[in-house]
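Close look at the chain arrangement
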Amino acid sequence: MLAIDLFDIEADGAQYQRFLDNGRSLGIPVDEDLVITGDSTGLDPQAIIDKVGQVRFFSIDGGHLLRHIVADSRLAKSVLADHGIIAFDDTFNPAWPEVTVGVSDFLRRNSDTFAAFCMTKYKTYVCRRDFHEFYRAALGRARHLLPFEHAEMDFLGSKVLRLHDPINRRVAYELLRRLGLGAISEWAYRPA
């Protein structure tokens, strides 16, 4: 796992430490040599490939301006494995409209190579066209996703599986979690 972030939300370094702590709590070892503190817009794709090889899952959740999305999607495209997935965060989030523009521009400019295959409230998942149907079908039959509402839609020339979390189940989950009933709250999302 390679992480790239400014880690500048809090001046005292607490965000970076929380990142490390969250990795440990999830059982994901974080190699600090693979954490790049800085702006991704100036990174050399070969430097990433040299550190971790071609990337299987590239999550874009950094800067939220168009220039950041353009730079991050260009970087993702350059380092992505053939079967890799790009996850764009904050797509359609009204607080960050330039993210939606950047994702749409990326998909239009690369329509011969990339396509969206899944969307959630604020995330868009993209893969190479050769793997589009494979991923969309896999999500459609994934047992742990059955509680979510599934809808097929068209988005920029591709069939996309839209996963929606009904509000009543989300409220129950949050309420149980805040009451300290985490195990029961997870049950709210398991398929029957």
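Structure: above.
Summarised in this report is the structure supplied together with it. (Residues numbered from 1 in each chain as written. Predicted model: local features only at pLDDT ≥ 70, side-chain atom pairs only at ≥ 80, totals over all residues. Heavy atoms only, no water.)

**What to know about the pattern of salt bridges**
Overall, the coordinates contain 8 salt bridges when judged by the stated rule. The partner of Arg-108 in a salt bridge is Asp-105, and the shortest N-O contact between them spans 2.5 Å. With a gap of 3 residues between them, Arg-108 and Asp-105 both fall in helix α4 (residues 97-109), about one helical turn apart. Overall, the relative accessible area of 49% leaves Arg-108 in the partly exposed class. Across the pair Glu-133 and Arg-136 runs a salt bridge, and its minimum N-O distance is 2.8 Å. Here the residue Glu-133 and the residue Arg-136 both occupy positions in helix α5 (residues 129-141), the gap between them amounting to 3 residues, near one helical turn. Taken together, the salt bridges that share partners define one network made up of Asp-105, Arg-108 and Arg-109. (Salt bridge = Lys/Arg side-chain N within 4 Å of Asp/Glu carboxyl O. Helix = DSSP H or I, 4+ residues; strand = E, 2+ residues; numbered from the N terminus. Buried < 20%, exposed > 50% of the residue type's maximum accessible area, 1.4 Å probe, protein only.)

**Points about the sheet that holds strand β4 (residues 80-89)**
Reading across the sheet, the 6 strands line up as β3-β4-β6-β5-β8-β7 and stay open at both edges, with mixed pairing between neighbours. The two strands at the open ends of the sheet, each matched to only one other strand, are β3 (55-60) and β7 (149-155). Geometrically, the sheet is characterised by an average inter-axis angle of 25 degrees between neighbouring strands, direction not taken into account. Alignment of strand β5 (residues 114-119) against strand β6 (residues 123-128), held across 5 bridges, turns out to be antiparallel. Note on β6: the bridge partner recorded for Ala-115 is Cys-127. (Pairing = 2+ DSSP bridges. Axes fitted to C-alpha atoms, helices over the stretch in contact; angles between N-to-C directions.)

**Considering unusual backbone geometry**
Located in the positive-phi region is Asp-90, a residue other than glycine, with phi close to 70 degrees. Residue position: Asp-90 is located in the loop between β4 and α4. Owing to a relative accessible area of 11%, Asp-90 belongs among the buried residues under this scheme. At Leu-156, a position not held by glycine, the phi torsion is positive, near 50 degrees.

**Structural notes on the nonpolar core**
In terms of nonpolar packing, the biggest core is built from 21 residues, with Phe-58, Ile-86, Phe-88, Leu-107 and Val-126 touching the most fellow members. If we skip the residues at most four places from it in the chain, Ile-86 touches Phe-58, Ile-60, Ala-76, Lys-77, Leu-80, Phe-106, Phe-114, Thr-124, Tyr-125 and Val-126. Counting 11 residues, the second-largest nonpolar core is a separate cluster that includes Ile-85, Cys-127, Ala-142 and Leu-163. (Core = buried A, V, L, I, M, F, W, Y, C linked by side-chain atoms within 4.5 Å. Contact = heavy atoms within 4.5 Å.)

**Some thoughts on the pairing of β7**
Judged from the 7 bridges that link them, β7 and strand β8 (residues 158-164) form a sheet pairing that is antiparallel. Across the sheet, the residue bridging to His-150 is Leu-163, located in β8. Between β7 and the antiparallel strand that follows it, β8, lie 2 residues; Leu-156 among them carries a positive phi value of about 50 degrees.

**Some words on the layout of surface pockets**
Space inside the largest pocket adds up to approximately 1000 Å³. Taken together, 29 residues line the largest pocket, and the ones lying closest to its centre are Leu-2, Ala-3, Ile-4, Asp-5 and Ser-59. Secondary-structure elements contributing two or more residues to the lining of the largest pocket are β1 (3-5), α1 (14-25), α2 (45-52), β3 and α3 (66-79). Taken together, the residues of the lining of the largest pocket break down into 15 nonpolar, 8 polar and 6 charged. The wall of the second largest pocket is formed by 18 residues, among which Thr-120, Lys-121, Tyr-125, Phe-148 and Leu-163 lie closest to the centre. For the lining of the second largest pocket, the element with the most residues is α5, which contributes 4 residues. (1 Å grid on protein atoms, 1.4 Å probe; cavity = no way out; pocket = protein on both sides within 12 Å on 5 of 7 lines; lining within 4 Å. Points joined across faces, edges and corners; volume = space filled by probe spheres on them. Nonpolar A, V, L, I, M, F, W, Y, C, P; charged D, E, K, R; others polar.)

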